[in-house]
Amino acid sequence: MEGGDVIVNGTVAEGFEPVREAFAANFALLGEHGAAVAVYRDGRRVVDLWAGAKDVDGTAPWESGTAQIVRSATKGVVAAGLLLLHQRGELDLDAPVGTYWPEYKAAGKERTLVRHLLAHRAGVPVLDRPLTPAEAADPDLGAAAVAAQSPVWEPGTDHGYHAQTYSWLTGELVRRVTGRPVGEWLADEIAGPVGADLWLGLPEAERGRVGRVGDIEAPQSAGALKLRPKRSVSAAYADPDSLTRRAFAAITPLPDENDPAYRAAALPASNGIATADGLARVYASLIGEVDGGVRLFTPETVELARAEQSAGPDRVLVVATRFGLGYMLHGSASPLLSPGSFGHPGRGGALAFADPESGIAFGYVTNGFRKSVTADPRAQALVRALKVALGALGA
């Protein structure tokens, strides 16, 4: 099938053709350069599509196994790891973080609970001294930085997106509980058992599968909606002293996301690398068996994941956000499939989520990042098409 000049490869199950049509339209109308989308229903893959170029600045074709950096969509994967540790009785969500990580008790953080880290309520979205990309890649330096940081609000009393510091907060907690580096542990306990093409710390042997990413502008055409952020949001991003700017600048200067050294690091907030199928497959395993095999979460853990922990004006993102335990929940800032969905976007592109009621798991990756933070128009077009398909199927 062709979308404009782009050939859309892959398959869709009967009834899911609207997703293929929306995917093609993203190339024809929304400036997509290269992307893939995968959808599972009740543990079986029903959408597997890819198109365009592997590299945002190249012409080599995207292939079936092409992977991309997914930015903050990584957060949902490490959250699954922490909830899995809780499910196994190794991590108490209501224990102080200092129970597992004594150094974290410093600077007024002794009452910070594990659930506060997952729900963006820890009060440490910024670092008084930002880390360089090389420092950020060192788990010891990152952990020491957040452990020494004074909170900007009393932990547990408010919420604000921990855009970058989530890496060291969650990564160190996994390391303290398991005794293993977070990337290795996730590979052995989540990606491996599920059969997902997903890495936190890209192995050298997989480098050739991963495309180059970059920023792209929305097309200036009648068919593309020009989205303008609210003035308050624009002001927050423009003010170097705002929590918004400081949170995203916890790593300064911004890393080169195409640098092999950055991709080899394990930063759970920002640099996971995955195929669309890998993301969808992980989320499918959270809510049911995949291909009749492994299931990671019990029904009780699914309810924990999507139980609202934070809601309302976000101290960092400025708009209203909703968080469960490590997951964004359906809302105006991050529309998902239904009110019961839980997942995580990646800034300017990627999206992954599960919807337990419909049995749907969704993954979308791209090599072209837009200015959107939590609701990319291309991903949203695919979600809307998925709703149409499910409605027609009577789901």
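What this report covers is the structure whose coordinates are included nearby. (Residues numbered from 1 in each chain as written. Predicted model: local features only at pLDDT ≥ 70, side-chain atom pairs only at ≥ 80, totals over all residues. Heavy atoms only, no water.)

1. Points about the overall build of the protein
Inference 1: Helix and strand counts for the protein come out as 13 helices and 16 strands.
Inference 2: Its C-alpha radius of gyration of 20 Å places the protein within 12% of the 21 Å reference for a compact globule of 395 residues.
Inference 3: For the protein, the spread of C-alpha atoms along the principal axes amounts to about 60 × 45 × 40 Å.
Inference 4: For the protein, the exposed area adds up to about 15100 Å²; of that, 51% sits on carbon and sulfur atoms.
Inference 5: Side chains of the protein give 38 positive and 46 negative charges; the mean places of these two sets differ by 5 Å. (Helix = DSSP H or I, 4+ residues; strand = E, 2+ residues; numbered from the N terminus. Rg over C-alpha atoms; globule rule 2.2 N^0.38 Å. Areas by Shrake-Rupley, 256 points an atom, 1.4 Å probe, with all protein chains shown as cover. Lys, Arg positive; Asp, Glu negative; His and termini not counted. Charge placed at Lys NZ, Arg CZ, Asp CG, Glu CD.)

2. Considerations on the pattern of salt bridges
Opposite charge on two side chains makes pairing possible when the charged atoms of those side chains draw close.
Inference 1: Going through the model one piece at a time under the given rule, you end up with 22 salt bridges.
Inference 2: Across the pair Arg378 and Glu32 runs a salt bridge whose closest N-O atoms are separated by 2.9 Å. In this pair, Arg378 is assigned in helix H13 (residues 377-393) and Glu32 in the loop between helix H1 (17-29) and strand E4 (34-41), connecting sequence segments 346 residues apart.
Inference 3: You can call Arg378 buried: its relative accessible area is 0%. (Salt bridge = Lys/Arg side-chain N within 4 Å of Asp/Glu carboxyl O. Buried < 20%, exposed > 50% of the residue type's maximum accessible area, 1.4 Å probe, protein only.)

3. Looking at the nonpolar core
Inference 1: Counting 81 residues, the largest nonpolar core has Tyr104, Leu286, Phe297, Tyr327 and Phe342 as the members making the most contacts within it.
Inference 2: The next biggest cluster of nonpolar side chains, apart from the first, holds 30 residues, and it includes Val37, Val39, Leu336 and Ala385. (Core = buried A, V, L, I, M, F, W, Y, C linked by side-chain atoms within 4.5 Å.)

4. Topic: the side chain of Asn26
Inference 1: Mapped onto the fold, Asn26 is located in helix H1.
Inference 2: Ignoring anything within four residues of it in the chain, the contact list for Asn26 reads Gly31, Glu32, Arg378, Ala381 and Leu382. (Contact = heavy atoms within 4.5 Å.)

5. Some words on the environment of Ser285
Inference 1: Checked against the element boundaries, Ser285 lands in helix H11 (residues 276-287).
Inference 2: Ser285 sits in the buried class, given a relative accessible area of 0%.
Inference 3: Setting aside residues up to four positions removed in sequence, Ser285 forms contacts with Val194, Val290, Val294, Arg295, Leu296 and Phe297.

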